[in-house]
Amino acid sequence: MSPDLSDPASLSIAEAGAALRSGALSSVALTEAALAQIEAWEDAVHAFITPTPELALARAAQADAERAAGIDLGPLHGIPYGLKDIYDTAGLRTTCASALMADHIPQADSHVAEALARAGGVLMGKLNTYEFAMGDRFDEVPFPPANNPWKLDRVTPGSSSGSGVAIATQMMRLATGSDTGGSIRLPASCCGTVGLKPTFGRVSRSGVHPFSESCDHAGLLTGDITDMAIGMQLISGHDPADPFSADVPVPDFRAGLGQGLAGLRIGIDRAFVEGPGLGDVMWAEFDRVTRLLRAEGAEVVDVTLPPAAHFSACGAATIGVEGLATHAARLRRHTGPETRNIRRYFLPALGVTALDYLEAQRLRARLRAGVDAALQQVDAILCVTTDGSAVPYLPMPDMSTFGRTGAFNLTGHPALTLPTGLDPEGLPLSVQLVGRAFEEPLLLRIGHGLEAACGWRGTGPVYPPRA
Amino acid sequence: MTAPSDPVPTAEAELAAALERAGLVPGPSSFPAMAAAFDTRRQRASAVHAALDASEGETSA
């Protein structure tokens, strides 16, 4: 089917790029279409902390002039994107959604922001997040939290909430996120977008405000798998400024797209999928996806992962205490209401002893080896992202339903969430695919095949949103 | 004669001691609620020892 050039905001990066290169579309027109989406949706969904429409139109005009002069900066040239507001941007405020940082103007770009700007993308603004990318949404914050565009009373969980909302509502086709326990994959799941937590070390975190040093991952949310491959090509690579950045070759992330699923082996551990209690609707969707994989020629086999309780114990003794270490100096300097949420979230981690933490790191190595062993038998592991669709927002959210993601922050394996269908309420459902370290192209190949089998593309929330 | 037992410290007392050691203060947050979360976190984190034992048992077996 030909892309609909009369609706530029609906175009993928690949489609928009082709239209720009052929002259059928200008970057200014594409950016104006994105701004129209923002104009329509933003009051209801709060995707942005700092929108930058004037800068965007100026950059789009520049991209059109560059193209007219024969300059082509690549697949993102002249195409709208956004940055989660924990990614530093030179001269543009980076708030981390915190009163402490409300007027913070960085001197330099984060590594990823610099890469996307160098690729000629049109920055639409800084996107909403939970304060300092913490995993819980608090109400006493200086910026209104993002709302789920599929149904406004539902969560946009994780912390890359504005990124999920902006992609789902076609304000842009690529947005950065960060993922410490699921903060890319959870909003992707609940907003019906693609989200990839890359392998630990694949994408530099330099200039991204930290949460947990050993669990933070920088990554992307996009509208489809091809756009994810395009984006990963732009932001991956070794960066000495991030001490955990891996000095490994950058593959062609699009290499496997279109090769199909025939001959691939997909592993399932039903006990891991079940977790604390998978709903009937999600089980039915998971089984439907399993049948689709088989129908596309993949072999689906049982594998055994380490017990979910071991991942939970390891995470409980690791992530919060690293977060407290990140914020301890800040908490000593600021003792007033401006740090109330950070205290509520991180001070309980004082209950973790040094022995707990160090034994957790020993356990973590064994968990990583256990996942590696399972992945020696298969090309990827299929599991779920959440227990079901987005749950209603409560002042004290019950995050126990979000347990399948943090395991792979502890092990560092790449994990891809992609939407597969709608539940009876018309809300998105997703699955999560986990691959071998630094084998994102294979993961994207599987995701691309599954995306086509599910027929998700073109599915999105309807304006005006439901209350 | 039975030796008098030491009083069991409450989670609130232990959190207060931990805060003092770390040079931190609870700030405007509810201290009892934070102490309850501290106790929960302590119990969840302590599960790591049994998990490690089980994991090493699997390996040695």
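Above this text you will find the structure in question.
Position labels on residues start from 1 in each chain and follow its written sequence. Here chains are named by letter from A upward and ligands by number from 1 upward, in the order in which they appear as written. The model is predicted, so local features are restricted to residues of pLDDT at least 70 and side-chain atom pairs to those at 80 or more, both for listing and for counting; the totals for chains, interfaces and linings are taken over all residues. Calculated side-chain values reflect all of the structure's heavy atoms, with hydrogen atoms and water omitted.

Caption draft 1: Quick peek at the overall build of chain B. Secondary structure elements are taken from DSSP: a helix is a run of H or I of four residues or more, a strand is a run of E of two residues or more, and numbering for both begins at the N terminus. Helix and strand counts for chain B come out as two helices and zero strands. Exposure is judged per residue with a 1.4 Å probe applied to protein chains only, and the accessible area is read against the type maximum: over 50% gives exposed, under 20% gives buried, and values in between give partly exposed. The burial tally for chain B puts 26% of its 61 residues in the buried class. Accessible surface is estimated by sampling points in the Shrake-Rupley manner with a 1.4 Å probe; for residues, cover comes only from the protein chains shown. For chain B, the exposed area adds up to about 3,900 Å²; of that, 58% sits on carbon and sulfur atoms.

Caption draft 2: Inspection of the nonpolar core at higher detail. Core analysis: the largest hydrophobic core is formed by 113 residues, its most contacted members being Leu293, Leu350, Leu382 and Leu450 of chain A. With seven residues, the top contributor of residues to this core is helix α2 (residues 31-60) of chain B. Residues belong to one nonpolar core when they are buried, are Ala, Val, Leu, Ile, Met, Phe, Trp, Tyr or Cys, and are joined through side-chain atoms within 4.5 Å. In terms of nonpolar packing, the next biggest core, distinct from the first, is built from 27 residues, Ala34, Leu35, Ala47 and Leu221 of chain A among them.

Caption draft 3: Spatial organisation of the interface of chain A and chain B. Should any heavy atoms of two residues lie within 4.5 Å, those residues are considered in contact. Contact with chain A, which involves 30 residues of that partner, is made by 28 residues of chain B. Throughout, buried area stands for the accessible area (probe radius 1.4 Å) lost by two parts on being put together, summed over both. Among the residues chain A hides against chain B, the three largest losses belong to Pro348, Leu350 and Arg366 of chain A. Together they make up 24% of the total. Salt-bridge detection follows one rule: a side-chain nitrogen of Lys or Arg within 4 Å of a carboxyl oxygen of Asp or Glu. Summed over the shared surface of chain A and chain B, the number is two salt bridges. Between glutamate 56 of chain B and arginine 362 of chain A there is a salt bridge, with its nearest N and O atoms 2.4 Å apart. We call two N or O atoms a polar contact when they sit within 3.5 Å, provided that within protein one can donate a hydrogen and the other can accept it, with sequence-adjacent residues counted only if both atoms are side-chain atoms. In this structure, the connection of chain A to chain B is made through five residue pairs in polar contact (both at pLDDT 80 or more). Of all the secondary structure elements, the ones that give two or more residues to the side of chain A that touches chain B are α10 (308-316), α11 (319-333), α12 (340-346) and α13 (354-377) of chain A. Take the side of chain A that touches chain B: its biggest share by element is seven residues, from α13 of chain A. Put simply, Ala, Val, Leu, Ile, Met, Phe, Trp, Tyr, Cys and Pro go in the nonpolar bin, Asp, Glu, Lys and Arg in the charged bin, and everything else, Gly too, in the polar bin. Class assignment of the residues belonging to the side of chain A that touches chain B gives a composition of 16 nonpolar, six polar and eight charged.

Caption draft 4: Highlighting the packing of aromatic side chains. Residues and elements named next belong to chain A. Only centres within 6.5 Å qualify two rings of Phe, Tyr or Trp (six-membered ring in Trp) as a pair; their planes then separate them into stacked at under 30 degrees, edge-to-face at over 60, and tilted for everything else. Summed over all chains, the structure comprises nine aromatic pairs over all chains. Pairing tyrosine 345 with phenylalanine 346 gives two aromatic rings, centres 4.9 Å apart and planes at 90°, and the pair type is edge-to-face. Counting every residue linked through ring pairs, the aromatic cluster contains Phe211, Tyr345 and Phe346.

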